[in-house]
Amino acid sequence: MNIIGIDLGTSNTLACVFRNGEAVLIPNGEGGYLTKSAVSVMEDGTIITGRAAKERLLTHPDRTAASYKVFMGTEWDTCLGQQYFKPEELSAFVLRQIKQDAEKFLQEPVEEAVISVPAYFNDNQRCATKLAAQLAGLKVSRLINEPSAAAVYYRWSNPDAEDGKLMIVDFGGGTLDVSIVECFDNIIEILCIAGDNHLGGDDIDAAIAKHFCEVNHLSQTALTPEEKAALMRQAENAKTALSEPETDSSLIKLPAGEKEYMLNLDRELLAKLCEPVFKRVEKVLRRALENKKAARGIRRVVLVGGSSRMPVFHDFLEKLMSARPVIAADPDKIVALGAGVCAGIKERREELQDIVMTDVCPFSLGVATYNSQIDREPHMAVLIPRSSMLPVSHSSRFYTLHDGQEHLRFEFYQGEDYFVSGNLKLGELKVRVPRGIAGSQWAEVVFTYDINGILHVGVESSGGDKRETVILNPNLHLTDEEMKEAMERINSIRLTTEAHRDEQLFAQALSLYERLGDERRAALSRGLELYCGAQDAQDIIAVRRAEEYLKELVERFREELSQDPFAQLYGLGMDWDEDTEEPEDE
Ligand code: AMP
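What comes next is a walk through the structure. Treat the numbers as computed from the prediction; the structure is a model and nothing was measured. (Residues numbered from 1 in each chain as written. Predicted model: local features only at pLDDT ≥ 70, side-chain atom pairs only at ≥ 80, totals over all residues. Heavy atoms only, no water.)

### Some thoughts on a nonpolar patch on the surface
Residues Phe184, Ile187 and Val356 make up a contiguous nonpolar surface patch of roughly 260 Å² in combined accessible area. As for its position among the elements, Val356 is in strand E19 (residues 356–358). (Patch = residues over 30% accessible without salt bridge, like charges linked within 9 Å, V, L, I, M, F, W, Y side chains within 5 Å. Areas by Shrake-Rupley, 256 points an atom, 1.4 Å probe, with all protein chains shown as cover. Salt bridge = Lys/Arg side-chain N within 4 Å of Asp/Glu carboxyl O. Helix = DSSP H or I, 4+ residues; strand = E, 2+ residues; numbered from the N terminus.)

### Some points on the packing of aromatic side chains
Going through the model one piece at a time under the given rule, you end up with twelve aromatic pairs. The interplanar angle of 70 degrees and the centroid separation of 5.5 Å between the aromatic rings of Phe18 and Trp156 together place this pair among those described as edge-to-face. Placement of the pair is Phe18 in strand E2 (residues 12–19) and Trp156 in helix H4 (residues 146–157), with a sequence separation of 138 residues. On the numbers, 4.8 Å between centres and 25 degrees between planes, the contact of Phe278 with Phe316 is stacked. Remark: Phe316 occurs in helix H9 (residues 311–321) and Phe278 occurs in helix H7 (residues 267–290); sequence separation between them is 38 residues. We classify Phe278 as buried; its relative accessible area is 5%. Each residue in the set Phe171, Phe278, Phe313 and Phe316 is aromatic and connected to the rest through ring pairs, giving one cluster. (Phe/Tyr/Trp six-rings, centres within 6.5 Å; stacked < 30°, edge-to-face > 60°. Buried < 20%, exposed > 50% of the residue type's maximum accessible area, 1.4 Å probe, protein only.)

### Focus: the nonpolar core
A general trend in soluble globular proteins is that nonpolar side chains are found buried together. Ranked by size, the top nonpolar core spans 46 residues in total, and within it Val169, Ile204, Leu265, Leu270, Phe278, Val281 and Phe313 carry the most contacts. Here the element with the most residues in this core is H7; it accounts for ten residues. The residues touching Val281, leaving out its near neighbours within four places in the chain, are Phe171, Leu176, Leu199, Phe313 and Phe316. In this structure, Ile4, Ile6, Val117 and Met483 belong to the second largest nonpolar core, which totals 41 residues. (Core = buried A, V, L, I, M, F, W, Y, C linked by side-chain atoms within 4.5 Å. Contact = heavy atoms within 4.5 Å.)

### Some thoughts on the pairing of strand E25 (residues 442–449)
Side chains Ala443, Val445, Phe447 and Tyr449 of E25 all project onto a buried face; the interleaved residues Trp442, Glu444, Val446 and Thr448 project onto a face where none is buried. The pairing of strand E22 (residues 392–399) with E25 spans eight bridges and is classified as antiparallel. Counted as the bridge partner of Arg397 is Glu444 from E25. When E25 meets strand E26 (residues 455–461), the two strands line up antiparallel, connected through seven bridges. Looking at the pairing, Tyr449 lines up with Leu455 of E26. Between the end of E25 and the start of E26, which pair antiparallel, lie five residues, with Gly453 showing a positive phi angle near 80 degrees. (Pairing = 2+ DSSP bridges.)

### Examining the pairing of strand E23 (residues 407–414)
Of all eight residues that make up E23, six are buried, and the element is covered over most of its length. Sheet analysis places strand E20 (residues 365–369) next to E23, joined by three bridges and oriented antiparallel. By the bridge assignment for E23, Val367 is matched with Phe412. Two strands pair when backbone bridges link them, and E23 and strand E24 (residues 424–432) are joined in this way by eight bridges, in the antiparallel orientation. Along E24, the bridge assignment pairs Arg409 with Lys430.

### Comments concerning the site of the ligand
Near the ligand lie 15 residues; those nearest to it are Gly173, Glu236, Lys239, Ser243 and Gly306. One of the side-chain nitrogen or oxygen atoms of Glu236 is found 2.6 Å away from an oxygen atom of the ligand. Ser243 places a side-chain nitrogen or oxygen 2.6 Å from a nitrogen atom of the ligand. Within the complex, the protein chains bury 87% of what would otherwise be the 500 Å² of accessible surface of the ligand. Mapped by element, the contributors of at least two residues to the shell around the ligand are helix H5 (201–215) and helix H6 (225–241). (Near = heavy atom within 4 Å. Polar contact = N/O pair within 3.5 Å; in protein donor to acceptor, adjacent residues only side chain to side chain.)

### Side note on the packing of H7 against H9
Two elements in contact, H7 and H9, have axes whose closest approach is 9 Å; the angle formed by their N-to-C orientations is 45 degrees. Taken together, H7 and H9 sit at an angle that is classed as oblique. For the crossing formed where H7 meets H9, the hand is right-handed. Facing H7, whose interface residues are Arg267, Leu270, Ala271, Cys274, Phe278, Val281, Glu282, Leu285, Arg286 and Leu289, H9 presents Pro311, Val312, Phe313, Phe316, Leu317, Leu320 and Met321. Looking at the contact of H7 with H9 residue by residue, the class counts come to 14 nonpolar, no polar and three charged. (Axes fitted to C-alpha atoms, helices over the stretch in contact; angles between N-to-C directions. Parallel < 35°, antiparallel > 145°, perpendicular 65-115°, else oblique. Left-handed = near helix turned anticlockwise from the far one by under 90°. Nonpolar A, V, L, I, M, F, W, Y, C, P; charged D, E, K, R; others polar.)

### Overview of the sheet that holds strand E14 (residues 187–196)
One open sheet holds the six strands; their spatial order is E18-E17-E12-E13-E14-E19, and the pairing between them is mixed. Bordering the open sheet on either side are strand E18 (326–327) and E19, each of which pairs with just one other strand. Across nine bridges, the pairing between strand E13 (residues 176–184) and E14 is antiparallel. Paired with Asp177 across the strands is Gly195, a residue of E14. Across the sheet, H7 touches strand E12 (164–171), E13, E14 and strand E17 (298–304), and the angle it forms with E14 is around 135 degrees.

Structure (structure tokens):
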């Protein structure tokens, strides 16, 4: 049985498997490990994912989606080309690609996965993630909170580290998760979790882009989708460049309309633009530290997630916490590595048998209730308080409010607001009760929150009426028939690997071919042959190499033609020296 660990991130998706006593990252078809969480619909209706899709955000923003993870579990959808897609469908395409890459790597089918989710993901978002995996043909053997996965790997890969408490800050592209973890021997106990599902590096890019428009007197809304995408990309590149110790400033340039606009981003300006984002980070940190019992005696702050590479972020944390944080080795891969270790635990790998990890419930869970008949607005009767250790089960009895009442109806909520109107409704159940005077009849509500962070509810009335449900967002809960249809729809769309043909290059080569002499024609023909052959084999690395080779040939022959107009007509007068080397087979 192959179970893989997947970090389905806002910006990147990674997969990992536990083999020969190690967590091994699974390479993608691009020759790396980080697959961009981006999806683009090609003109022929096929789908590409990964870096090529992210690139198309610049050229085809109307056909491309990225950072859709922030909409998981909501009603949001987007039209790419002529089709509408929901976030879980977009995620399913990336997961399908990951599944294919893993099967190629392991040379065996992969049907199960441990998937990491932001700790602060609510029930809807967790269910949407499960649905995405199902649509991609993967059974989810466990959803694990991202910081918990990071903690598992951190502990597992630092066996000699002292026992004690760690604060793990996972600052990614679109989410922030903070958890306090206690490590003792092989026991990793998550003590408390706080987070913000809409806070990450993307917000910093947006702040830079906004400032760019302000200083250049540009209206952001007046930019074309292509210009907007180019500006966001430039903003991200400039931000990333400033994480290098030797870079003090980075120039952002944007050609828009007739003009070119510029902004010089230095560290000081970046720190200033990050201030509102960091204020929100501080709020989340304070919320975690409010749990005094968990927070007492934290030995170390460990940073993970792509945005934790920012020196301005380290400075901010150092000031706030009066201690320099430790940046985890591979901060953008640690969650995937942790998910890989958890997959190994699920596979019952011997080397991992001693590891015990306990997790907590990030939100309070409760029932809408009225204290008396005069209560205008229902408030939340908490059955499972936040930070309860998982799995957890609690019950409570609720009584009738009116004489002759025949039913008790329960609405279930998740959140920290006193009034339920400020919390997330998860579902409802109704049971019959025998008629009687107010307060004489009751129903017992049992909440069980499992290790995947999914709520099961059971209600039994004094009259013996029983109801049970697993809370699933009705918008996400598909019947078997609907599930089959959704899977057919997803599977009917062909997934093209990154080996998509560069049509422009292809067209240039063909037009050049006509104008060349025999020797060069033969060379170009060989280049085209290699390119098409690699594409037929769907070997992405070979396609990349062949593409570079063909590009070199095209550039070189064009240059030579431009220098010798006579040859343009007759293909004469040029010596073909075979300087350009054919790509080698691996
Ligand atoms: P993650 O969701 O953990 O993959 O993190 C993605 C986020 O990290 C994106 O917002 C990236 O722009 C950001 N990021 C990645 N590398 C760097 C870097 N070297 N410096 C600053 N931000 C980075």
